[in-house]
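Remarks on the overall topology
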Amino acid sequence: MIAALAVSGVMIVLVLAIHLVGLGALLVMIRWRGDGAGEPGHRLLQAGLILAVVLGVLALHGIEIWLFAGLYRLLGEIGTLEEALYFSASTFSTLGYGDVVLSANWRLVAAMEGITGFLLIGWSTAFLVSVVGRLRALEAAWFDSMDRERGD
């Protein structure tokens, strides 16, 4: 149990760090590419930014799932890479079919992956909602500035 908790702790810190850096990189991309996104008529730019953020978040989750899958292979718990990815994705998403299971020695790692995945999916959802909200706020601010310029 101690080994499983130690391995889980290292993995949790690793994927949290990856997620933090990844979301930070997405913020930098939004700031770099988002000039003018609040102006009306830039719906395509807004849609592109949202799509880029969603794809970036999916890529982050993919990396995190692959890391856990690699761990299960390294531990010798799962026979094939496909099966390890399947198990990790279903565990990370908390779907957990139960058709692939780990031995009693390492099943605590899977439980920690599920908790971590649940947290990271929630964090990603909050991030996406924040991005969309900021785009809406930028657009509203642009309309307000146009109204002030016209004296409305």
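Everything here concerns the structure above.
Here goes a summary of the coordinates provided. These numbers come from a predicted model, not from an experiment. (Residues numbered from 1 in each chain as written. Predicted model: local features only at pLDDT ≥ 70, side-chain atom pairs only at ≥ 80, totals over all residues. Heavy atoms only, no water.)

**Some points on the packing of aromatic side chains**
Counted under the stated rule, the structure contains 3 aromatic pairs. On the numbers, 5.2 Å between centres and 75° between planes, the contact of Tyr72 with Phe87 is edge-to-face. Taken together, the residues span a long stretch of sequence, with Tyr72 in helix α2 (residues 43-74) and Phe87 in helix α3 (residues 81-92) at a distance of 15 residues. Judged on exposure class, the residue Tyr72 and its partner Phe87 are both buried. Seen from their ring centres, Tyr86 and Tyr97 are 6.2 Å apart, and the 5° between their planes marks the pair as stacked. Highlighted residues: Tyr86 in helix α3 and Tyr97 in the loop between α3 and α4 (107-150), separated in sequence by 11 residues. For Tyr86, a relative accessible area of 28% corresponds to the partly exposed category. Pairwise contacts between aromatic rings join Phe68, Tyr72 and Phe87 into one cluster. (Phe/Tyr/Trp six-rings, centres within 6.5 Å; stacked < 30°, edge-to-face > 60°. Helix = DSSP H or I, 4+ residues; strand = E, 2+ residues; numbered from the N terminus. Buried < 20%, exposed > 50% of the residue type's maximum accessible area, 1.4 Å probe, protein only.)

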